[in-house]
Amino acid sequence: MLELRSVSKRFSGIAAVDDVSFSARAGEVTGYLGPNGSGKSTTMKMITGLIERSEGHIFFQGKPIEDDLIAYKRRLGYVPEEPYLYTHLSGAEYLTMVAQLRDLPARQSAERIDGMLRLFSLHGDRHASISGYSKGMRQKVLLIAALMHNPQLILLDEPFSGLDVASSLVLRRLIQELAARGKVVLFSSHELDTVERICSRVVILHHGKLVADDSIERLRSLMELPTLEKIFSQLAVEQDTDRMAREIVDLIYA
Amino acid sequence: MHDLIQRLVARLPLDFRVLYGQFLLRVIDLEALSIQADVPGFLGQFAGVLIMLSLVHSVVTYVGYVYITEAHERMAFLLHIQHYLIATTMLVVGLATVISWDATFPDRRDVMVLSSLPIAPRTILLAKMAASIGVLGLAVFTLNVASGLMLPLILGAQPGPVLGQFQSIPAWWFALIAASAFLYGSVLTVQGFTALLLPRRIFLRLSAFLQLAAFGVFLGVYFVQPSLTTPAALAAPGNQWILASSPSYWFWAMFNQMNGTLPAQLFWVAHRAWIWLGLAVSGAVLSMMLCYLRTMKKTVEEPDLVPGAGSFSWVPRVGNSLQNAVAQFSIRSLTRCRQHRVAYAFYLAFVFALAFSLLRTETAATAPIPLSLVLLAPTFLMMLFAVMGLRNVFSLPISLTANWVLRTTQVRPPEKYVAATRATLLLFAVAPAWLLSAALSLRFRPVIQVAGHLVVLALVGCILAEVCLIGFYKVPFTCSFLPGRANVQLTFWGSVMVMFTVFIPCMQFEQSALHEANKFGFLVCILVGCALALFAYNDHRGKSAVIHFEEIPDEVITTLKLNA
């Protein structure tokens, strides 16, 4: 289980994440939602250890992650929000490098990389430079890099970004399958429909603060709202979206 | 004057002026220069350095001319200075051409943006050429701003009427401009015909290596070619091949021909300058015109995804998986990223210049050469430039935003990363420099002493690699020296100067040690001790080090605090 206790992050004294506590359990897909700038990616980066926390603790399998950071990183798979890669490498070279850095056995990793490249329909372009890859192809490379070492904790920050319909459908099933096999999956996305379909529970963040942490079913019944979209709008959207859309069109026609 | 220029500029077509302004800022190859290049700032600094050089040249030449009283010494000095200034101008133009590589060709962005606008391809070509010529012209002018006005009077000084003294000024400037045009035209001709003859994908790959080769050739020729400073040396049959093959001597002859100071038996050298100037300029114009007609279409048709070289991209394996990862990442970064390639080519040019000079000594010798400083000095320097140069290039990051992957996959202790960087330095700097030295030592005798020197050289290479690792707790190509934190060039040249002062007595000691077994044993023991001590130090420090990965700073939420 992944557990955050009173985690905060401040930039120049301003809280990007403020006293957030929640847990993500093995066998479940936990949705992590919030509007732009609510602190989702900052939280993800704190969980990966990419940025330091200002306050609070993060536990994995009951132990603080900093107790044995190397062992923790061995069990972590992370897909970041932006597909930043070393673009002078080919897809195959990049994945081989990640496998080498993770100290995976050469033959096993080569087989896994080859197999996953085929399954993700990247095998034909594996020797092409990543600089020529589309956003969707880069996203697939990130997914393979995050999964090839069979991690226990999987952090997915906007994993559907740039993927085509077929790949998105595969990824949906893949996330559910991984959770069903006992992985801890923390999944951040703006696609509420997808979140509603694959997540067992959701954590909603607004202005860096936790505003909801429960199963989707319970939130529906508690708030007496039919969909996650309605729940999210009520909790985290401040604008009147209909009026705003009308005003934009009015401005275009003015 | 300013108004006149403004009026003249205003008469140019608007689309040309707009494109010229855009292309001028893009002449400098941003990738070759730095990650976040400030082009106007760079041009200003570039011009400032060249003006300073010009002033230094002027002062040195004037002082030398005044203080040398012997006629034949003065003649030798003048010949040397004339050729030196022309060769230096050609070197600077060559380096500027390397930095502005590909700037005259339409890239994919130009084609995609401009082909939908009502702009003729010739306007794009002219604007690009004007921008490139503008930068090269700036280089030539600033490098000769002082020397080009003052020195022709000294260089072309002859008895005769006062007005006759001034004919050397236009002759001098014409020769400089002709030499620059020849070099620029030659590069464009090679690039243009390569682009025409090869498929675009192959051309783009080859172009990167041509850039590197041009860089090495310009620096290598400049440092290797001998200076013929006396009329006797110029007339010597053994030196005629130098005059026939060295463009800087052609344009030196051109200047003297126009100045009326060229001996009749060297007119053929000046003729070469005229012929090759004509060929280079006409070749450039022809190839560029054909290129713009043909390659713009090719550029549009170029597929987004270009197949790679496949499993052919073999890289040697060095040790454990981390060492492999770091070594392969380093060599791929070095060979595939233009900025890194050009930066390392700068150091390799010194290595190859030394290698060529050694090779020339060997080919000139008719019998085996006795071991001396002739072999010891260049091989030590080659090792120094190869190792220190690679360490220097390690500090140019590839992509700071992509460093997150190295951090999230850091599952091994820091000393393993230090070991991986050591393996990379040994594999890609020490080993090639040692092998090159070994190959160049084949004609030296006695063999036992040559073998002894190669042992010493290998140990020196290991020591240099360990010196480079002190405090380097980073993965190569992931961190930069940020302004204000360190001056990498200053550090490099400072280290080279320190090494020079250490090397000279060491080489003298080695030379004597190679003749005495006891002394040689002592030397090897000292070097092995140094290498082991440095290895232990780096390994020990590495265990408690934190591997540093530089990234784009976290976004910081800021407020104007208007309510405060």
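Nothing here was measured: the structure is a model prediction, and the numbers come from that model.

How each quantity is defined
- Residues numbered from 1 in each chain as written.
- Chains lettered and ligands numbered in written order.
- Predicted model: local features only at pLDDT ≥ 70, side-chain atom pairs only at ≥ 80, totals over all residues.
- Helix = DSSP H or I, 4+ residues; strand = E, 2+ residues; numbered from the N terminus.
- Rg over C-alpha atoms; globule rule 2.2 N^0.38 Å.
- Buried ≥ 20, exposed ≤ 12 C-beta atoms within 10 Å, placed from the backbone.
- Contact = placed C-beta atoms within 7 Å.
- Core = buried A, V, L, I, M, F, W, Y, C linked by C-beta atoms within 7 Å.
- Axes fitted to C-alpha atoms, helices over the stretch in contact; angles between N-to-C directions.
- Parallel < 35°, antiparallel > 145°, perpendicular 65-115°, else oblique.
- Left-handed = near helix turned anticlockwise from the far one by under 90°.
- Nonpolar A, V, L, I, M, F, W, Y, C, P; charged D, E, K, R; others polar.
- Pairing = 2+ DSSP bridges.
- Domains from an automatic or database assignment.
- Expected span 1.5 Å × (residues − 1).
- Bend = angle between axes of the 7 residues up to and from the residue.

Let's talk about the overall build of chain A
When you go through chain A residue by residue, the secondary structure sums to ten helices and ten strands. Relative to the 2.2 N^0.38 estimate, which gives 18 Å for 254 residues, the radius of gyration of chain A is 19 Å and therefore close to what a compact globule would have. Taken over the C-alpha atoms alone, chain A extends approximately 55 × 50 × 40 Å along its principal axes. Relative to its full complement of 254 residues, chain A shows a buried share of 43%. Nonlocal contacts in chain A, meaning residues at least 24 apart in sequence, comprise 69% of its contacts between residues at least 6 apart.

Focus: the overall build of chain B
In terms of helices and strands, chain B carries 23 helices and two strands. When each of the 564 residues of chain B is scored for burial, the buried share is 39%. Sequence separation of 24 or more characterises 83% of the internal contacts of chain B that already satisfy a separation of 6 or more.

Regarding the nonpolar core
Among the nonpolar cores identified, the biggest contains 206 residues, and L95 and V185 of chain A together with A175, F251, V351, M383 and V387 of chain B are the most heavily contacted of them. Ranked by residue count, the leading element in this core is helix α17 (residues 338–364) of chain B, at 14 residues. Residue contacts for V185 of chain A: discarding those within four places in its chain leaves V29, T30, I154, L156, I175, L178 and A179 of chain A.

Some points on the packing of helix α10 (residues 168–197) of chain B against helix α11 (residues 200–224) of chain B
Axis angle and axis distance: for two packed helices, these are the angle between their axes and the distance between the axes, and together they describe the pair. Residue and element names in this part refer to chain B. Closest axis-to-axis distance for the α10/α11 pair is 10 Å, and the angle between their directions is 160 degrees. It follows from the interaxial angle that α10 and α11 lie roughly antiparallel. Between α10 and α11 lies a crossing whose hand is right-handed. In this structure, α10 contributes V187, V190, Q191, T194 and A195 to the contact, and α11 contributes F203, L206, S207, L210 and A214. For the contact of α10 with α11, the per-class residue count stands at seven nonpolar, three polar and no charged.

Focus on the sheet that holds strand β4 (residues 55–60) of chain A
All names here are of chain A. Spatially, the four strands line up as an open sheet ordered β2-β1-β4-β5, and their pairing is antiparallel. The open sheet has two free edges, formed respectively by β2 (14–24) and β5 (63–64), since each of these has just one partner strand. Across five bridges, the pairing between strand β1 (residues 2–11) and β4 is antiparallel. Among the inter-strand pairings, L4 is bridged to a residue of β4, identified as I58.

Details of the domain arrangement of chain A
Residues and elements named next belong to chain A. Domain assignment breaks chain A into domain 1 (2–75 + 151–253) and domain 2 (84–149). Listed per partner, the contact involves eight residues of domain 1 and nine residues of domain 2. Tallied by class, the residues present in the side of domain 1 that touches domain 2 amount to four nonpolar, three polar and one charged.

Section: the interface of chain B and chain A
With 35 residues of chain B at the contact, the number on the chain A side is 33 residues. Elements with a minimum of two residues in the side of chain B that touches chain A: α16 (321–336) and α19 (404–408) of chain B. With nine residues, α16 of chain B is the largest single contributor of residues to the side of chain B that touches chain A. Among the residues making up the side of chain B that touches chain A, the classes are represented as 16 nonpolar, 13 polar and six charged.

Examining the packing of helix α3 (residues 91–101) of chain A against α16 of chain B
Contact geometry for α3 of chain A and α16 of chain B: axes closest at 8 Å, N-to-C directions at 145 degrees. Remark: the crossing between α3 of chain A and α16 of chain B carries left-handed chirality. Here E93, M97, Q100 and L101 of chain A of α3 of chain A lie close against α16 of chain B, whose contacting residues are S321, L322, N324, A325, Q328, F329 and R332 of chain B. Of the residues contributing to the contact of α3 of chain A with α16 of chain B, the split by class is five nonpolar, four polar and two charged.

Section: the pairing of β4 of chain A
Residue and element names in this part refer to chain A. With two bridges joining them, β4 and β5 adopt antiparallel strand pairing. Note that in β5 the partner of F59 across the bridge is P64. Counting the residues that bridge the hairpin from β4 to β5 gives two residues, and of these Q61 lies at a positive phi of roughly 55 degrees.

Observations concerning unusual backbone geometry
With an omega dihedral of 0 degrees, the bond running from R445 of chain B to P446 of chain B counts as a cis peptide bond. Within the secondary structure, P446 of chain B sits in the loop between β2 (444–445) and α21 (447–469). A positive phi angle, close to 55 degrees, is found at Q61 of chain A, a residue other than glycine. Position of Q61 of chain A relative to the elements: it lies in the loop between β4 and β5.

Remarks on the sheet that holds strand β8 (residues 184–188) of chain A
Residues and elements named next belong to chain A. Spatially, six strands are ordered β6-β7-β8-β3-β9-β10 in an open sheet, and the strand pairing comes out mixed. The outermost strands of the open sheet, each flanked by one partner alone, are β6 (76–79) and β10 (209–215). Across the sheet, the axes of successive neighbouring strands diverge by a mean angle of 15 degrees, strand direction being ignored. By the bridge criterion, six bridges tie strand β9 (residues 201–206) to β10 in an arrangement that is antiparallel. Paired with I204 across the two strands is A212, which belongs to β10. Against the sheet, helix α1 (residues 40–48) touches β3 (29–33), β6, β7 (153–157), β8 and β9, its axis set at about 150 degrees to β7. In the packing of helix α5 (residues 135–147) onto the sheet, contacts are made with β6 and β7, and the angle to β6 comes to roughly 170 degrees.

A look at α17 of chain B
With 27 residues, α17 of chain B ought to run about 39 Å at 1.5 Å a step, and its terminal C-alpha atoms sit 36 Å apart, in line with that. The largest bend along α17 of chain B measures about 30 degrees and falls at F346 of chain B.

Quick look at the environment of Q61 of chain A
The class of Q61 of chain A is partly exposed, set by 15 C-beta atoms lying within 10 Å. Each C-alpha atom, one on Q61 of chain A and one on A26 of chain A, is 9.6 Å from the other, the two residues being 35 residues apart in sequence.

A closer look at the environment of V318 of chain B
All names here are of chain B. Looking at the secondary structure, you find V318 in the loop between α15 (267–301) and α16. Residue class for V318 comes out partly exposed when judged on the 18 C-beta atoms lying within 10 Å of it. Considering only alpha carbons, one finds V318 and L151, 167 residues apart in sequence, at a separation of 56 Å. Not counting chain neighbours up to four residues away, the residues in contact with V318 comprise Q323, N324, A327, A423 and L427.

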